[in-house]
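For reference, the chains in residue letters:
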Amino acid sequence: MADPLVDAPAGPTSLELASGLRARVAAFDRQADTALDPLRGHPVADRVLYAASELADFSLLWHLIGAAEGLRSAPAARRSVRFAIALGAESLLVNQGVKRLFERGRPRHDGHRPHHLRRPSTSSFPSGHASAAFFAATILSAGRPRTAPALFGLAGLVGTSRAYVRIHHASDVVGGAAVGLVLGALARRWVTNGPP
């Protein structure tokens, strides 16, 4: 009589699972890159997406929006300061913490770039631009459902720009967006209401 534990077919090993996951991620990245290709080289698309990528360097875009929000009142100014502190902490955590857990190379790009672009030296995964963008959108849209679509749309544009300019793989952007959403949800109450 067969022993069901001995004769049962073995499941995939962790190495096989990891290899399969890498293959699916690579296929996703290729599909996303192929989808962006028809836009590349279009003067308007190039200008908008390169500008979005450049403007979001060092979270400048989000700091500007937060500072503008702070001009409305004294409580808004205090929220703006807390937002700037939280955004700085998020950047430090992602760029000097999370990225160090991964050693993913950036996409190869040997062609001409139509506009200036800073090329970071850190790991490609996750996208710090996408993380900061979704972190900021999560916090800035708190209690303001009418502005949420614009903020998350802008965050999506910034994230997409990083794959468009071939500084990040599309999966880096998805990973960065997920990290930003989680960190934003954790920081939102402190930024919005202040210390307990």
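Data block above holds the structure.
Summary of the structure given here. This is a predicted model, so every value here is computed, not measured. (Residues numbered from 1 in each chain as written. Predicted model: local features only at pLDDT ≥ 70, side-chain atom pairs only at ≥ 80, totals over all residues. Heavy atoms only, no water.)

## Notes on the packing of helix α4 (residues 60-70) against helix α5 (residues 74-96)
α5 packs onto α4 with a crossing angle of 165° between their chain directions and a minimal axis gap of 7 Å. The angle between α4 and α5 places the two elements in the roughly antiparallel class. Of the two elements, α4 crosses α5, and the hand of that crossing is left-handed. Between α4 and α5, the residues in contact are Trp-62, His-63, Gly-66, Ala-67, Glu-69 and Gly-70 and Ala-76, Ala-77, Ser-80, Phe-83, Ala-84 and Leu-87, respectively. Its residues placed into classes, the contact of α4 with α5 shows 7 nonpolar, 4 polar and 1 charged. (Axes fitted to C-alpha atoms, helices over the stretch in contact; angles between N-to-C directions. Helix = DSSP H or I, 4+ residues; strand = E, 2+ residues; numbered from the N terminus. Parallel < 35°, antiparallel > 145°, perpendicular 65-115°, else oblique. Left-handed = near helix turned anticlockwise from the far one by under 90°. Contact = heavy atoms within 4.5 Å. Nonpolar A, V, L, I, M, F, W, Y, C, P; charged D, E, K, R; others polar.)

## Some points on the pattern of salt bridges
On inspection of all chains with the given rule, the structure shows 9 salt bridges. When the shortest N-O distance is used, the salt bridge between Asp-57 and Arg-118 registers 3.3 Å. With Asp-57 in the loop between α3 (43-55) and α4 and Arg-118 in the loop between α5 and α6 (128-140), this pair connects stretches of sequence that are 61 residues apart. A relative accessible area of 30% places Arg-118 in the partly exposed class. For Arg-144, the salt bridge identified is with Glu-69, shortest N-O distance 2.6 Å. Linking Arg-144 in the loop between α6 and α7 (148-164) with Glu-69 in helix α4, this pair joins segments that are 75 residues apart in sequence. Relative accessible area serves as the criterion here: at 22%, Glu-69 is assigned to the partly exposed category. It is possible to trace a salt-bridge network through shared partners that takes in Asp-33, Asp-37, Arg-40 and Arg-166. (Salt bridge = Lys/Arg side-chain N within 4 Å of Asp/Glu carboxyl O. Buried < 20%, exposed > 50% of the residue type's maximum accessible area, 1.4 Å probe, protein only.)

## Digging into α5
Along its 23 residues, α5 runs 33 Å from first to last C-alpha, staying within 8% of the 33 Å computed at 1.5 Å per residue. Looking only at α5, the buried set comprises Ala-76, Ser-80, Arg-82, Phe-83, Ala-86, Leu-87, Glu-90 and Val-94. Those residues of α5 that are buried lie in contact with α4, α6 and α8 (170-193). The opening residue of α5, the one whose side-chain oxygen lies 3.2 Å from the backbone nitrogen of Ala-76, is Ser-73. (Expected span 1.5 Å × (residues − 1). Polar contact = N/O pair within 3.5 Å; in protein donor to acceptor, adjacent residues only side chain to side chain.)

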